[in-house]
Amino acid sequence: TVPMRIEYQAQVWRENDQCIAHAQPLDVASSGATPEAARAALEEAVQLFLVTATGHGTLETVLEEAGYSLRDGEWRAPDWVSSEPASALVEA
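As the structure is a prediction and not an experimental result, all values here were calculated from the model.

**Q** What is the right way to read the overall build of the chain from this model?
**A** Secondary structure assignment for the chain yields 2 helices and 5 strands. Going from the N terminus to the C terminus, the chain shows its helices and strands as β-β-β-α-α-β-β. Considering only C-alpha atoms, the chain reaches an extent of 50 × 30 × 20 Å along its principal axes. Long-range pairs, those at least 24 residues apart, make up 23% of the contacts in the chain with a sequence separation of at least 6. Total accessible area on the chain is roughly 7000 Å²; 49% of this is exposed by carbon and sulfur atoms.

**Q** Explain the environment of Leu63 here, please?
**A** Position of Leu63 relative to the elements: it lies in helix 2 (residues 59-65). The class of Leu63 is buried, set by a relative accessible area of 0%. Ignoring anything within four residues of it in the chain, the contact list for Leu63 reads Ile6, Leu26, Leu50, Tyr68 and Trp75.

The rules behind the values
- Residues numbered from 1 in each chain as written.
- Predicted model: local features only at pLDDT ≥ 70, side-chain atom pairs only at ≥ 80, totals over all residues.
- Heavy atoms only, no water.
- Helix = DSSP H or I, 4+ residues; strand = E, 2+ residues; numbered from the N terminus.
- Contact = heavy atoms within 4.5 Å.
- Areas by Shrake-Rupley, 256 points an atom, 1.4 Å probe, with all protein chains shown as cover.
- Buried < 20%, exposed > 50% of the residue type's maximum accessible area, 1.4 Å probe, protein only.

As structure tokens, this is what we get:
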């Protein structure tokens, strides 16, 4: 098996006393006590997610559904246009 690199964007934020790390567009998340710990846990979670999908024979489907495309023999993440804070007004 030839190793392949799957790129993703990691977002990290704080929820109470934990940091949450989320991988886009894979939609995998993990947490840790610090941003560094959350990123390390996310890296492990992404690795396990991809290994599991490979083992089940569904990696290609998972990546395509997440917006990746196969170009020149490599899986490419979507081209990010921007990442920015936003808000929504909700009347309760």
